[in-house]
Amino acid sequence: MKRRSNLKSSEKNTQPVNSAKKLKNTEDFGATSISCPNSKYTAVLLKGKVQLRQEDTKGVKSFPADKSQGRILCHALTTDFFHYGTDSGHVVCVSLKDGKTVSSFTHTVGVREVFPAQRGKHLVFTDEKKSGYLLSTSTESDSCLELPDFSPTITGALWDSWHPERGVFAAYDHEKVYVYALHKLTIYGSWVSLVGSECLHPSKKPMSLENGVLTCQLASGQTSKLTLSTHSYLKQAGSSSSKLSKQLTRAVMLNRLDEGLDLVRTHTKERLLKKLGKACLIHMEVELAIQVYQLSQNVSMVSSLEAIRGIKENKLLAGHLAVFLGEYNLAQDHYLSSSCPLAALEMRRDLSHWEKALKLAKDLAEDQIPYISKEYAAHLEQTGDFLKALAHYKNGLTHNNQEHSEACQAGVARMLITVGDIRGGVAKAIQHPSRVLKQECGALLESVRQLSQAAQLYEMGQYYDQAALVYMQCKDWAKVGELLPHVSSLKTHQRYAKAMEANGKYKVAAQAYKRAEDWDNLTRILLDHLNNPEAAVHVVRQTKSKEGAKMVARFFLLRKNYDSAIRILVLCQCNDEAFKLAQQHRQVEVFAEIIGAEATQDDYGNIARYFEAEKNHLQAGYYFHLGKQYRGALENLLMCDSTEDGLAVDMAIEVVCQAKDICLTDQLIDYLTGKTDSKPKDPVHLFRLYMALQRHTEAAHVANSIASEQLCSGNYRVSHDLLFKMYRELLDHKTDISTEMSTNLMLLHSYLLAKIHVKRGDHLKAAHLLSRVSENIRMFPAHVVPILTSAVIECQRAGLRNSAFNHAVTLMRPDNRKQIQQKYKRKIEDIVRHPHKSEVVDDMTPCPVCGSLLPQNELLCTSCKSNLPYCIATGQHMLREDWSVCPHCDFPALHSQFLLLLKTEKACPMCCQTLGADEVKKISDCSKYLATANLNRRTTASP
């Protein structure tokens, strides 16, 4: 940068601060003088005038051109401008380019020194009173600001060349340097602030200032640099909150708000953010302010700033920002001087500053006076200044807006009543079309005990509930009765009902209680005064009112109708009262019957303990069970009489299953097996217990035992059905089935199936089945001889003579011979005496497991040692290519034989369920049935 010297001279020819050159004695000047040169121009002050010469020309200009400006006391050159000050207070700026005066300012006293900025927009000068001022020449009208705390010893000033538009400069004397900053564009206008000061050694002469670094010339001619304390924060990072606050303050004072944002961005403390945000608003930096308030998460302020960020007019923008800062008077001044003065009026309205708003409206918008008056009146009405509110409501009346006028008229009506003009207020309320106004005025009248007029307004406004209440206060029952159909308030109906009851009008009172849904009082009226228990019971049934139920119960008790009293109490869930009543009158069974499934566990417990005390153990056990008191239930059920034994045991099994208590289960098993009282119970109960507990292995053992007993007794169908049921249960639970059970079921089914085939006349199938049974005749001890006799006869008919001979030999044993029926005895003896051992050969069919051929009635494959599934229609082993199952029991059957059997039979021979031939479907793939069949490997022959 070229060195530019701002040199001053005075009439006393004092030595200049910066270097100067001595001019030759020339004819032009006629004397030796001091000049202040720049690169092209030289200015010489001589006897109150300055001669300005351009170096490369011979032309000379003399200042001041106007003698009225006085004598020049000081002057200075910059690159583009020539500045001078006079003893009459004139500060003039002349363009070097064209020689025209750019600006001229007149001070009150003489100007002693001028220190212009390099670009010429700002200039610091001192006057004869040793005060300092900053003159801005870039605005439409020059502004002059006095420098605060200006030292009278100041000898010079330097402008900071780093961002000169920020207006930072340093004034100095022989001992100190003072740093100032110009705040040009703020909501408060322009001002200059003293940023700080710093001591200066006398040997140092300031030469230039850049970004807070002061370059000084020493006595030796060398230079040194000094960083001013006002700018030291730029090189020192703040750590503590107080230090950050000081650094932020310096940044704001130096117009470095962007650097202030960088400081708080890394230390987002609310206090610092608030401080910087306020500074941005003052300096009208909207964009920076938005960023600051975003950091502080102040959503409302960000939203407000976003709304005004596009405003270019400074006065309007300053007005908005002043509002944000709460400077409402300042905001008003800015608004009024802007292009939108109505904004001041809107602000005062928004702030409810009604007096000021009205004053502004008179000057800016008289058409808004009625609307502001109405708003002001509403505010006064809320604060209790009714007379003033009345006046403003009247001022708000206008013919231009009907809705607005009606609102003002409503306000007038209210205020008239409030200030005591009852007649005038009521008249206006009646004339007004608003229902709401009639309600409001009615409330005001009611508050001052003008009840008849209040009721009238309520009724006209169709506020029937309030009208009825006020008419009640007036004792105008006839009017109340007229309004009741329109009244919705239950309390109003209730009050009317009480009044009618007090007057002895019980029917009217009952109707009113019904409309009021006061069911208890309605029940009381029906019972005590109208003697109508049926209607009272109906009300209680519909409403489930406990108090009503108690009243009806007392009514029935007085008439010894305990059943009805208990029923009504239970219906309304007054179970404790109902039980006490049942106990007192020995009606607990009725109570238990009535309460049914609606009882709680406590109710069941009370009932059970009652029956236990009465030694009714079955009922006690039943209700203990319902109340989930399983131990008490089981103890009582096991104490029942023998006449109730079956029902008690069934209930005990259910108790144990639900309790899932091992101790209770063992207790019941001991009872059933006789360990408790040495009296074993029917094993069917034990079977049912195991089945209910899903202990299928134990159930299977018991089932086999029962089946054996039934076999010994000759009850083959019962035994068959029991084993079949057990078999299905075990299959459903995927439990292994014992060979004993499978064999017993197969033999029983073979016997029962043989009887079917005998009836059908299929003697060959019957003979094979009876032969199978006869080979295990020990399992049928009750009918050994009849079964063997039938086997002999059927084998003889089917041509199985060898089998017939073998069965006949068994019959001829001494222990069997005596029991043979006489009609068969001789024939059987002939078979034994004259044996014919010819035998029809059984057909050979493949094993469904391995495919080996074996007799069709053989159920054990000699090749794969598998127990083969048998056909429930023939007793023969199953074939893969002729497979079907019963759709009810899922037992297998040869499809062709099953259809043949169903031509004469209407049910499945295994499960006895009704079955039609069309329900039986042939199965092409029987693999899954074979996989689940009982194919236990055996080494012994099948029965």
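Note that the structure is a prediction, hence the values are computed from the model and not measured.

### Considerations on the pattern of salt bridges
Under the counting rule described, the total for this entry stands at 17 salt bridges. One salt bridge connects R309 with E287, and the closest N-O pair in it is separated by 2.4 Å. Remark: E287 occurs in helix 4 (residues 286-295) and R309 occurs in the loop between helix 5 (299-308) and helix 6 (314-324); sequence separation between them is 22 residues. What makes E287 partly exposed here is its relative accessible area of 39%. E698 serves as the salt-bridge partner of R695, at 3.5 Å between the closest nitrogen and oxygen. In this structure E698 comes out as partly exposed when scored by relative accessible area, which is 29%.

### Examining the pairing of strand 3 (residues 49-54)
By the bridge criterion, 6 bridges tie strand 2 (residues 41-46) to strand 3 in an arrangement that is antiparallel. When the sheet's bridge partners are listed, L46 is paired in strand 3 with K49. Connecting strand 2 to the next strand, strand 3, in antiparallel fashion are 2 residues, including K47 with a positive phi near 55 degrees. Taken together, the 4 bridges between strand 3 and strand 4 (residues 60-63) define a ladder with antiparallel strand orientation. The residue of strand 4 that forms the bridge with Q51 is S62. The loop that links strand 3 with its antiparallel partner strand 4 comprises 5 residues.

### Comments concerning the environment of A170
Along the chain, A170 turns up in strand 14 (residues 168-172). Looking at A170, the relative accessible area reads 1%, which means it is buried. As for A170 and L209, which are separated by 39 residues in sequence, their C-alpha atoms are 7.7 Å apart. With near-sequence residues (within four places) excluded, A170 lies in contact with G156, A157, L158, V177, Y178, V179 and L209.

### So, the packing of helix 10 (residues 369-383) against helix 11 (residues 386-395)
A pair of packed helices is captured by two measures, namely the crossing angle of their axes and the spacing between those axes. Two elements in contact, helix 10 and helix 11, have axes separated by 8 Å at closest approach and are oriented at 160 degrees. Between helix 10 and helix 11, the crossing angle belongs to the class labelled roughly antiparallel. Once helix 10 is placed against helix 11, the crossing between them reads as left-handed. Contacts between helix 10 and helix 11 involve P370, S373, K374, Y376, A377, A378, L380 and E381 on the former and, on the latter, F386, K388, A389, H392, Y393 and N395. Classifying every residue of the contact of helix 10 with helix 11 by side-chain character gives 8 nonpolar, 3 polar and 3 charged.

### Some thoughts on the sheet that holds strand 10 (residues 122-127)
Read from one edge of the open sheet, 4 strands run 9-10-11-12, paired in antiparallel fashion. Two strands in the sheet have a free side with no partner beyond their single neighbour: strand 9 (111-116) and strand 12 (143-146). Each strand axis lies, on average, 25 degrees off the axis of its neighbour in the sheet, ignoring direction. As judged from the 5 bridges shared by strand 9 and strand 10, these two strands associate in the antiparallel manner. Across the sheet, residue E113 finds its bridge partner in strand 10, namely T126.

### A look at the sheet that holds strand 8 (residues 101-106)
An order of 5-6-7-8 is seen for the 4 strands of this open sheet, with the pairing classed as antiparallel. Either end of the sheet is taken by a strand with one partner, and the two such strands are strand 5 (72-77) and strand 8. Between one strand axis and the next, the sheet turns by 15 degrees as a mean value, whatever way the strands run. Of the strand pairs in this sheet, strand 6 (residues 81-86) and strand 7 (residues 90-95) are connected by 5 bridges, and their pairing is antiparallel. From the neighbouring strand, F82 faces strand 7, where its bridge partner is V94.

### What about the environment of K491?
Within the secondary structure layout, K491 lies in helix 18 (residues 490-502). Residues K491 and L469, spaced 22 residues apart in sequence, show a C-alpha to C-alpha distance of 9.4 Å.

### Here's the deal with the nonpolar core
Among the nonpolar cores identified, the biggest contains 108 residues, and L668, F687, M726, F780, F898 and M910 are the most heavily contacted of them. Tallying contributions element by element places helix 34 (residues 739-760) first for this core, with 10 residues. Setting aside chain neighbours within four positions, we find M910 in contact with H720, F724, L745, H749, Y870, I872, C889 and F891. Listed in part, the 53 residues of the second largest apolar core include L244, V264, L288 and L330.

### Regarding unusual backbone geometry
Note: most peptide bonds trans; most residues except glycine with negative phi. For the peptide bond that leads from F63 to P64, omega is 5 degrees, which places it in the cis range. Among the secondary structure elements, P64 is positioned in the loop between strand 4 and strand 5. With phi around 60 degrees, M284 is a residue other than glycine that occupies positive phi space. Mapping M284 onto the fold places it in the loop between helix 3 (270-282) and helix 4.

### Thoughts on the packing of aromatic side chains
Tallied over the full model, the rule gives 15 aromatic pairs. An aromatic cluster is defined as three or more aromatic residues linked by ring pairs; in this entry it consists of F63, F82 and Y84. Positioned above the aromatic ring of Y463 is the side chain of R435, whose terminal nitrogen or guanidinium carbon lies 4.5 Å from the ring centre.

### So, the side chain of H83
Relative to the assigned elements, H83 resides in strand 6. In contact with H83, not counting residues within four places along its chain, are C74, H75, A76, T78, V92, C93, V114, P116, G120 and L123.

### Points about the packing of helix 13 (residues 422-431) against helix 14 (residues 435-447)
Relative to each other, helix 13 and helix 14 sit at 160 degrees, their axes nearing to 9 Å. By the angle between their directions, the pair helix 13 and helix 14 is classed as roughly antiparallel. Where helix 13 crosses over helix 14, the handedness of that crossing is left-handed. On the side of helix 13, the interface is formed by I422, V426, A429 and I430, while helix 14 contributes L437, K438, C441 and L445. Classifying every residue of the contact of helix 13 with helix 14 by side-chain character gives 7 nonpolar, no polar and 1 charged.

### With respect to the pairing of strand 18 (residues 213-217)
In terms of strand pairing, strand 17 (residues 205-210) meets strand 18 through 5 bridges, oriented antiparallel. Following the sheet pairing, L209 is matched in strand 18 by L214. Counting the residues between successive antiparallel strands, the hairpin from strand 17 to strand 18 contains 2 residues, one of them, N211, with a positive phi of roughly 55 degrees. Bridge count between strand 18 and strand 19 (residues 223-227): 5 bridges; the pairing is antiparallel.

### Quick word on the confidence of the model for the chain
With 88% of its residues at a pLDDT of 70 or more, the chain has an overall mean of 83. This stretch, residues 1-35, has a pLDDT under 50; its non-local contacts, to residues over four places away or in other chains, come to 56 contacts. Scored below 50 in pLDDT, residues 934-943 shows 32 contacts in the model against residues more than four places distant or in partner chains.

### Brief notes about the environment of V124
Among the structural elements, V124 can be located in strand 10. Judged by its relative accessible area of 1%, V124 falls in the buried class. In contact with V124, other than residues within four places in its own chain, are E113, V114, F115, Y133, L134, L147, W159 and F169.

### Topic: helix 37 (residues 801-811)
The set of residues buried in helix 37 consists of S803, A804, F805, H807, A808, T810 and L811. Against the buried residues of helix 37 lie helix 35 (763-774), helix 36 (784-798), helix 38 (814-817) and helix 39 (822-833).

### Topic: the side chain of N857
Following the sequence through the fold, N857 ends up in the loop between strand 21 (853-855) and strand 22 (883-885). A distance of 3.1 Å separates polar atoms of two side chains, one belonging to N857 and the other to D842. Among residues more than four places away in sequence, those in contact with N857 are H768, R772, D842 and Q876.

### Quick word on helix 15 (residues 451-460)
Regarding helix 15, the residues found buried are L451, A454, A455, L457 and Y458. Buried residues of helix 15 fall within an arc of 165 degrees about the axis and therefore sit on the same side. Buried residues in helix 15 make contact with helix 13, helix 14 and helix 16 (464-473).

### Looking at a nonpolar patch on the surface
Taken together, the side chains of L336, L342 and L364 present a nonpolar region at the surface, about 220 Å² in accessible area. Examined against the element boundaries, L342 turns out to sit in helix 8 (residues 342-350). With relative accessibility at 40%, the residue L342 sits in the partly exposed group.

Conventions adopted
Residues numbered from 1 in each chain as written. Predicted model: local features only at pLDDT ≥ 70, side-chain atom pairs only at ≥ 80, totals over all residues. Heavy atoms only, no water. Salt bridge = Lys/Arg side-chain N within 4 Å of Asp/Glu carboxyl O. Helix = DSSP H or I, 4+ residues; strand = E, 2+ residues; numbered from the N terminus. Buried < 20%, exposed > 50% of the residue type's maximum accessible area, 1.4 Å probe, protein only. Pairing = 2+ DSSP bridges. Contact = heavy atoms within 4.5 Å. Axes fitted to C-alpha atoms, helices over the stretch in contact; angles between N-to-C directions. Parallel < 35°, antiparallel > 145°, perpendicular 65-115°, else oblique. Left-handed = near helix turned anticlockwise from the far one by under 90°. Nonpolar A, V, L, I, M, F, W, Y, C, P; charged D, E, K, R; others polar. Core = buried A, V, L, I, M, F, W, Y, C linked by side-chain atoms within 4.5 Å. Phe/Tyr/Trp six-rings, centres within 6.5 Å; stacked < 30°, edge-to-face > 60°. Lys NZ or Arg CZ within 6 Å of the ring centre and 35° of its normal. pLDDT = per-residue confidence, 0-100. Polar contact = N/O pair within 3.5 Å; in protein donor to acceptor, adjacent residues only side chain to side chain. Arc of directions from axis to C-beta. Patch = residues over 30% accessible without salt bridge, like charges linked within 9 Å, V, L, I, M, F, W, Y side chains within 5 Å. Areas by Shrake-Rupley, 256 points an atom, 1.4 Å probe, with all protein chains shown as cover.

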